[in-house]
Amino acid sequence: MNRSSSPAPARTVNLTKDPTGRPAVDLTKVRDAGHVDLAKRADKAGFALSRKGLDGMRAQAVLVLDHSGSMQRDYASGQVQTLVERVLGFALQIDVDGTVPVIPFDHRVLPTVDVTVDTYQGVVDREIWRRQDMGTTRLHEALRVVRDMAVITDAPLFCAVVTDGNPDHKPPTTEIVCDLARYPVFLKFVAIRDVPYLQELDDLPPSQRLLDNVDAKFFNDPASATDLAFAEALADEWDTWIAAAQRAGVVRGA
C-alpha cells in the first residue's frame, strides 16, 4: 500500500522521558510503606526498561483483564492477582500517577477499577472477580473502552491485555486493533494459554493498519515466570512501537 492511501493518525500526543531514568513513582516511599515485594517488581521492571533504552519513559498504563469463565481457576488460584501486581510494578516505572485502570470484561465490560499502591492488595477478590457471574470473551468491547481513553489522552497508553483464549468475535476485534493503530496506544497481549489468534494480530500486514501496534507474549504457566522475565516481556517491542509511532505522527518528542 502506498503512503498516500495509509490511514492518518487520529490523535497525536507528546512523548516524555525523564533524562535521569528515574521511576515515575518514588520506590523508596513504596518500600517505606511496607510494599517491599511490589517495589522489587518495580525494580525488575526498571532493569527490563533500561535494557531497551526505555528507562524514564512515561505513559499511562492500562490493564484489560479477561473475566471469562475459562479463567475461573486462574482467579481462584491467585494467579490473576499476581498478574495485576506485576503490571502495577511495571506501571510504577512509567506511570506518573501510579494508577492502573483495570478494565475487566467477559460478555460485557465491567466497571473499571483503579489499582494503586494503596489498593492493590486483594483487589481482585475484593473488586474484580464475580465468582458466580463469569461470561464469554467480547474483547472488542473492552478495546473500544481503550479507544475512548485514547481519544482524550495526553500521554501514550501502554495497554496490557491479559487473556486465555480467542475472542467471541474475531472480525470486530481485528478491526478495533487496526483502528487503535491510529492512536497513541501500544497493545501488549499477555496470553496465559496458547492463543493463536493473538499471534495473528501480532503479525497483521502493514496494509491493514497505520503501524505495528501489537506485541503478543505467551505464558502457558505464568506462575513459573520470574518477575524479571515478565517485565522483559512487557517491555519488549515498546521501543520499536515508539519509533514507528514517531514516524507516523502518533507521538512526538522524546
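Please refer to the structure higher up on the page.
Residues numbered from 1 in each chain as written. Predicted model: local features only at pLDDT ≥ 70, side-chain atom pairs only at ≥ 80, totals over all residues. Heavy atoms only, no water.

A. Looking closely at the overall build of the chain. For the chain, the count of helices and strands is ten helices and eight strands. Taking 18 Å as the expected radius of gyration for a compact globule of 254 residues, we find that the chain reaches 17 Å, a close match to that expectation. If you line up the chain on its principal axes, its C-alpha atoms span 55 × 45 × 30 Å. Across the 254 residues in the chain, those meeting the buried criterion constitute 55%. Across the chain, the fraction of contacts at a sequence separation of at least 24, relative to all contacts at a separation of at least 6, is 82%. (Helix = DSSP H or I, 4+ residues; strand = E, 2+ residues; numbered from the N terminus. Rg over C-alpha atoms; globule rule 2.2 N^0.38 Å. Buried < 20%, exposed > 50% of the residue type's maximum accessible area, 1.4 Å probe, protein only. Contact = heavy atoms within 4.5 Å.)

B. Inspection of the packing of aromatic side chains at higher detail. Summed over all chains, the structure comprises six aromatic pairs. An angle of 40 degrees between the planes, with centres 6.0 Å apart, marks the rings of Phe186 and Trp241 as tilted. With a gap of 55 residues between them, Phe186 in strand 6 (residues 185–191) and Trp241 in helix 10 (residues 238–248) connect regions that are remote in the sequence. With 5.5 Å between their ring centres and 40 degrees between their planes, Phe219 and Phe230 make a pair best called tilted. Here Phe219 is found in the loop between strand 7 (214–218) and helix 9 (227–235), whereas its partner Phe230 is found in helix 9, with eleven residues between them in sequence. Chaining the aromatic ring pairs together yields one cluster made of Phe90, Phe158, Phe186, Trp238 and Trp241. (Phe/Tyr/Trp six-rings, centres within 6.5 Å; stacked < 30°, edge-to-face > 60°.)

C. Structural detail: the environment of Ala223. Assignment of secondary structure puts Ala223 in the loop between strand 7 and helix 9. Its relative accessible area of 62% is what places Ala223 among the exposed residues. The spatial distance from the C-alpha of Ala223 to the C-alpha of Glu141 is 28 Å, given a sequence separation of 82 residues.

D. Expanded view of unusual backbone geometry. The phi angle at Glu237 is positive, at roughly 75 degrees, despite the residue not being glycine. As for its position among the elements, Glu237 is in the loop between helix 9 and helix 10. Residue Glu237 is classed as partly exposed on the basis of its relative accessible area of 25%.

E. Spatial organisation of the pairing of strand 2 (residues 60–66). Most of strand 2 sits inside the fold, with seven of its seven residues counted as buried. Residues Gln60, Val62, Val64 and Asp66 line one face of strand 2 and the alternating positions Ala61, Leu63 and Leu65 line the opposite face, and both faces are buried. Here strand 2 pairs with strand 3 (residues 100–105) via four bridges, running parallel. Opposite Val64, over in strand 3, you have Ile103 as the bridge partner. (Pairing = 2+ DSSP bridges.)

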